[in-house]
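The residues making up each chain are set out below.
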Amino acid sequence: MTNLSSFCLVSFALFTILNPPIFALKSCEFPAIFNFGDSNSDTGGLVAAFPPLNSPYGETFFHMPAGRFSDGRVIIDFVAKSLNLSFLSAYLDSLGTNFTVGANFATAASTITLPTKIIPANNGFSPFYFLVQYNQLVQLKARSQLIRKQGGVFAQLMPMEEYFQKALYTFDIGQNDLGAGFFGNKSFEEVNASVPNIVNTFLTDIKSIYDLGARSFWIHNTGPIGCLGYILANFPSADKDSVGCAKSYNEVAQYFNHELKETVFQLRKDFPSAAFTYVDVYSVKYSLFSEPQKHGFEFPLVACCGYGGVYNYSSSAGCGATITVNGTQITVGSCDDPSVRVVWDGIHYTEAANKFIFEQISIGAFSDPPIPLNLACHRTLG
C-alpha cells in the first residue's frame, strides 16, 4: 500500500463503517460502458477520421498502433477489463466495431467547449467536442434499437435497450480546454476566468446525458498538465515546483478540478437517484512525478518516445515521426523499457502508468464518495 493511498483509505474505511447497508450489496453489474473524453481515453476515434498513428504507438500490448495515444492500453481499457467487458469500440470507427458492451465517443484533442481551431491545423483541436459526443450517443441509442429490430448480421453488434440505463458512463475531458487557453497566449488569469464557462458547459451536457437515461456517472478530474513535456518544453520560463513541474499551469488545473467537484456536488443535489462519482486522478498522476521510485518508475518528466531537449519532446518531432538529423532520415522511436517510464510521448502516459493509475482509483481511495468502481452504480448510492 502506498503512502498516497493510506490517508485516503481512512475516509473509505470510515464511509464503510457509517454506511454498512451499502457495502452489504453485491457488486454492480454494468453490462456496458459509454465513455466520453479526449486522448486520455481515446481507443480509435480520432484515427478513424484523421491520419493514423505510427509505430511505436501500441508496441507494448497491441504490438502495433491501435488508436490509443500510448504504448499500450489506456485507463478505460483497464476499467472495461475489471468489469469483465471487452475493449470499447470507437463510435467513429466503421471497421470491425462491436457495440454490444457500449461505445467510446472520446477522441484525442477533444474539448468540453466548442473549439476555435480545428484539426488538421497546427495545434488544432478535435471537432468532436463534448456536445458532439453527446449527440453521437443520441444517435447510437436510437439507431441501435432500429437495427436490432430489423435483425440481420448487425443486430447482434448493438447494445440492448436496457443497457443504456444500466451502463457505467465514464468521463475524462477538460485538459484540452485549458491547453487551448495556454497555447492561445492567454494569461493564467484569463484561463482561470474561462473555467466557470467550461464547467457549466460540462454540467449542461451531463444533464442531457442523464435525460437520456444514464444513472451511473464516473467522472475523472484533469491531471497535472504542468508536469507534461508539451507544457514544459513550450513554456520553459515557467516557475517550477520542487518536482520540476510548471507550478502555475498545475494551479490552473487544480482550480478547474475544484470547480468540477463543485459541479458534481450540484449534480447530486439535482438528481439524487443517480450516482455521481468524482475521481481524483490528479493526485494519483502527480504522485508518479513526485515519488516515481516508490512506484517503480524513473525519469518521470522525460518522454519515452520523442526527440530533443531535456524532456525528450518537440512538437516538430513527435513520436513515430520521420525527421532528418544531420542529413539522415530517422524515425522517432521509444525508450528501451516503457514499463518504468511515466510519460509516453510528452503529452500522454505509458501503459504502465495508466495501469498504476487505474489500480489506485478503482478501489475508491481517490473517489468522492469513497467507493470502489464496482460499487459505483445508482442503485448503490440511491
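Residues numbered from 1 in each chain as written. Predicted model: local features only at pLDDT ≥ 70, side-chain atom pairs only at ≥ 80, totals over all residues. Heavy atoms only, no water.

- The name recorded for the protein chain in an unreviewed UniProt entry is Alpha-L-fucosidase, from Salix suchowensis.
- Taken from UniProt, the Sequence similarities (unreviewed entry) comment for the protein chain reads in full: "Belongs to the 'GDSL' lipolytic enzyme family." (UniProt positions renumbered as here; feature names shortened; annotations may be inferred.)

## Considering helix H4 (residues 75-82)
Here comes step 1: Summarising burial for H4: six of the eight residues are buried, a large majority.
Here comes step 2: Turning to H4, its buried residues number three or more, namely Ile-75, Ile-76, Asp-77, Phe-78, Val-79 and Ala-80.
Here comes step 3: In this structure, the buried side of H4 is in contact with strand E1 (33-37), strand E2 (102-104), strand E3 (168-172), strand E4 (216-220) and helix H12 (351-361).
Here comes step 4: At the exit of H4 stands Asn-84, carrying a positive phi of roughly 60°. (Buried < 20%, exposed > 50% of the residue type's maximum accessible area, 1.4 Å probe, protein only. Helix = DSSP H or I, 4+ residues; strand = E, 2+ residues; numbered from the N terminus. Contact = heavy atoms within 4.5 Å.)

## Details of helix H7 (residues 175-183)
Here comes step 1: With respect to burial, H7 is a largely interior element, seven of its nine residues being buried.
Here comes step 2: Turning to H7, its buried residues number three or more, namely Gln-175, Asn-176, Asp-177, Leu-178, Gly-179, Gly-181 and Phe-182.
Here comes step 3: Looking at the buried positions of H7, the neighbouring elements they touch are helix H8 (188-211), helix H9 (229-234) and helix H10 (247-270).
Here comes step 4: Downstream of H7 by a residue or two, Asn-185 has a phi angle that is positive, lying close to 65°.

## Regarding the environment of Val-199
Here comes step 1: Within the element layout of this structure, Val-199 appears in helix H8.
Here comes step 2: Remark: the alpha-carbon pair of Val-199 and Thr-263, spanning 64 residues in sequence, is separated by 7.2 Å.
Here comes step 3: Residues in contact with Val-199, not counting those within four places in the same chain, are Phe-256, Glu-259, Leu-260 and Thr-263.

## Some details on the state of the cysteines
Here comes step 1: Under the counting rule described, the total for this entry stands at four disulfides.
Here comes step 2: The partner cysteine of Cys-28 in its disulfide is Cys-377, sulfur to sulfur 2.0 Å. Handedness here is read from the sign of the S-S torsion; for Cys-28 and Cys-377, about -85°, the answer is left-handed. Of this pair, Cys-28 sits in the loop between helix H2 (20-23) and E1 while Cys-377 is found in the loop between strand E8 (367-368) and helix H13 (378-381), placing the two residues 349 residues apart along the sequence.
Here comes step 3: Given a relative accessible area of 9%, Cys-28 falls into the buried group.
Here comes step 4: The partner cysteine of Cys-227 in its disulfide is Cys-245, sulfur to sulfur 2.1 Å. The sign of the 105° torsion about the S-S bond sets the Cys-227-Cys-245 disulfide as right-handed. Within this pair, whereas Cys-227 is found in the loop between E4 and H9, its partner Cys-245 is found in the loop between H9 and H10, the two being separated by 18 residues in sequence.
Here comes step 5: Taking relative accessible area as the criterion, Cys-227 reaches 0% and is therefore assigned buried. (Disulfide = S-S within 2.5 Å.)

## Quick word on the packing of helix H5 (residues 130-150) against H8
Here comes step 1: The contact between H5 and H8 brings their axes to 10 Å, and the two run at 5°. On the basis of their axis angle, the class for H5 and H8 is roughly parallel. Packed against H5, whose contacting residues are Phe-130, Leu-131, Tyr-134 and Leu-137, the element H8 presents Phe-202, Asp-205, Ile-206, Ser-208 and Ile-209 at the interface.
Here comes step 2: For the contact of H5 with H8, the per-class residue count stands at seven nonpolar, one polar and one charged. (Axes fitted to C-alpha atoms, helices over the stretch in contact; angles between N-to-C directions. Parallel < 35°, antiparallel > 145°, perpendicular 65-115°, else oblique. Nonpolar A, V, L, I, M, F, W, Y, C, P; charged D, E, K, R; others polar.)

## Here we look at the environment of Gln-136
Here comes step 1: Mapped onto the elements of the fold, Gln-136 is located in helix H5.
Here comes step 2: Residue class for Gln-136 comes out buried when judged on its relative accessible area of 8%.
Here comes step 3: Here the alpha-carbon distance between Gln-136 and Leu-92, two residues 44 residues apart in the chain, equals 9.1 Å.
Here comes step 4: In this structure Gln-136 touches Tyr-91, Leu-92, Phe-105 and Phe-128, once residues within four positions along its chain are discounted.

## Observations concerning the layout of surface pockets
A probe matching the size of a water molecule, rolled over the atoms, marks out where space remains unfilled.
Here comes step 1: Computed from the structure, the second largest pocket encloses a volume of approximately 380 Å³.
Here comes step 2: When contributions to the lining of the second largest pocket are tallied by element, the ones reaching two or more residues are H7 and H8.
Here comes step 3: Classifying every residue of the lining of the second largest pocket gives seven nonpolar, eight polar and three charged. (1 Å grid on protein atoms, 1.4 Å probe; cavity = no way out; pocket = protein on both sides within 12 Å on 5 of 7 lines; lining within 4 Å. Points joined across faces, edges and corners; volume = space filled by probe spheres on them.)

## A few points about the environment of Ala-108
Here comes step 1: Mapped onto the elements, Ala-108 comes out in the loop between E2 and H5.
Here comes step 2: Ala-108 sits in the buried class, given a relative accessible area of 5%.
Here comes step 3: Taking the C-alpha atoms as reference points, Ala-108 and Asn-40, 68 residues apart in sequence, are found 7.4 Å from one another.
Here comes step 4: Sequence-distant contacts of Ala-108, that is, excluding residues within four places in its chain, are made with Asp-38, Ser-39, Asp-42, Leu-46, Phe-69 and Ser-126.

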